[in-house]
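Results of the structural survey
Okay, here's what each chain looks like letter by letter:
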Amino acid sequence: MTDNLMENIAVEEIVSDDKLKIADEVIEIIASIEASKVPCVAAMSGGFTDGLAGILGKKNLGKGVRVETEGNNVRIHISLIVEYGCKIHMVAKEVQNAVRNAIQDMTGMNVIEVNVNIVGINIPKEIRDNKEVKEAKEIKEPKEKEVEEEEAWIVGRISVDEQ
């Protein structure tokens, strides 16, 4: 019986020396997925390396997320694009809460900061098309005036030369 007890003690000592390291990429993926679930988040926005990975055909699941770890503490920086018409400050707060809770629940790590950087806004096609039509009309009208003035100048010149 005492031999069995000693074996359990030895096993417990070995277990207490075990270490767990969660890669920053894992935390980035969790943060990206959770942020993408928040309503009004149109897309995650990556930098140059994310764009390069896309060109090479690699899917970057942690796109738009940068993680800094110090021991058991984590700082997260998220860049995203939101939908037009949403309350940006409310979306950012929801992203912060969702990411913080998911990372703390899944990893047991302490999330110190979740910094959200809104880098763009997704404008619906209908609004873009209406704006393009309006801009096209504005551009077309001055050009028609310019053509009329140019024709008047040519007509005036011809009439002067004929005399």
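As a starting point, this report considers the structure included with it. (Residues numbered from 1 in each chain as written. Predicted model: local features only at pLDDT ≥ 70, side-chain atom pairs only at ≥ 80, totals over all residues. Heavy atoms only, no water.)

In this section: the overall build of the chain. For the chain, the helix and strand inventory stands at 5 helices and 4 strands. When the helices and strands of the chain are placed in sequence order, the string is α-α-β-α-β-β-α-β-α. Expressed as a percentage of contacts within the chain between residues at least 6 apart in sequence, the contacts between residues at least 24 apart total 70%. Put simply, the chain shows about 12100 Å² of open surface, and 55% of that area lies on carbon and sulfur atoms. (Helix = DSSP H or I, 4+ residues; strand = E, 2+ residues; numbered from the N terminus. Contact = heavy atoms within 4.5 Å. Areas by Shrake-Rupley, 256 points an atom, 1.4 Å probe, with all protein chains shown as cover.)

In regular strands, side chains alternate between the two faces of the sheet. Of the pairings in the sheet, the one linking strand 2 (residues 65–70) to strand 3 (residues 73–83) comprises 6 bridges and is antiparallel in character. Looking at the pairing, valine 67 lines up with isoleucine 76 of strand 3. Linking two consecutive strands that pair antiparallel, namely strand 2 and strand 3, is a turn of 2 residues; a positive phi of about 65 degrees is found at glycine 71 within it. (Pairing = 2+ DSSP bridges.)

Attention shifts here to the nonpolar core. The biggest cluster of nonpolar side chains holds 24 residues, and the ones touching the most others in it are Ile27, Ile76, Ile78, Val95, Val99 and Ile103. Breaking this core down by element, the ones donating at least two residues are helix 2 (24–37), strand 1 (41–44), strand 2, strand 3, helix 4 (88–107) and strand 4 (110–122). If near-sequence neighbours (up to four positions away) are discounted, isoleucine 78 is found in contact with Met44, Gly64, Val65, Val95, Val99, Val114, Asn115, Val116 and Asn117. (Core = buried A, V, L, I, M, F, W, Y, C linked by side-chain atoms within 4.5 Å. Buried < 20%, exposed > 50% of the residue type's maximum accessible area, 1.4 Å probe, protein only.)

On their own, these measurements won't tell you what the molecule is for.
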